[in-house]
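Structural description and commentary
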Amino acid sequence: DEQRRLVAALGDKDGLILEHHGPLVVGASVGEAVMLMHILERAAQAQLRAMAAVGERIARVGDELATRTHAQWVGDGREWDGDVEWPALLRRADRFCPGFRD
């Protein structure tokens, strides 16, 4: 039952924040999921900093700007988040922790 509710809540999105549980992200690959979690974490940090600076009444962008920014971020859909970053992260892990793949 829980799986069906989570899938329904996700819809066509790639992440949600579960009350009392934290973030949930899904990706087409492990690399994409890692990058989406990183991006979500950075966005949450930015929002908390803004709220600490000016209170809960932070400015919101308009729908037109949000739509245009989303289109620029998503692009044409041929490249997934993590396509470039994931191999680099694996190389770094190999360097700092040889044998971690075992």
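In short, a report on the structure. Along each chain, residue indices are assigned from 1 in the same order as the chain's sequence is written. Per-residue local features of the predicted model are confined to residues with pLDDT of at least 70, and side-chain atom pairs are confined, for both listing and counting, to 80 or more; whole-chain, interface and lining totals are unaffected and use all residues. The side-chain values count all of the structure's non-hydrogen atoms but skip hydrogen atoms and water molecules.

What follows covers the environment of His38. Elements are defined by DSSP. Helices are runs of H or I of four residues or more, strands are runs of E of two residues or more, and each kind is numbered from the N terminus. Structurally, His38 can be placed in helix 2 (residues 30-54). Here's how the labels work: a residue is buried when its accessible area is under 20% of the maximum for its type, exposed when over 50%, partly exposed in between, all with a 1.4 Å probe on protein chains only. Residue His38 is classed as partly exposed on the basis of its relative accessible area of 39%. In sequence terms His38 and Ala8 are 30 residues apart; their C-alpha atoms lie 23 Å from each other.

Moving on: the pattern of salt bridges. Only one rule defines a salt bridge in this text: a Lys or Arg side-chain nitrogen within 4 Å of an Asp or Glu carboxyl oxygen. For the structure on display, the rule yields five salt bridges. Salt-bridge contacts for Arg4 lead to Asp1; the nearest nitrogen and oxygen are separated by 2.8 Å. Of the two residues examined, Arg4 and Asp1, each falls in the exposed class. Of the charged contacts in the structure, one is a salt bridge between Glu2 and Arg5, with a shortest N-O distance of 2.5 Å. Of this pair, Glu2 and Arg5 both sit in helix 1 (residues 2-10), separated by three residues, roughly a single helical turn.

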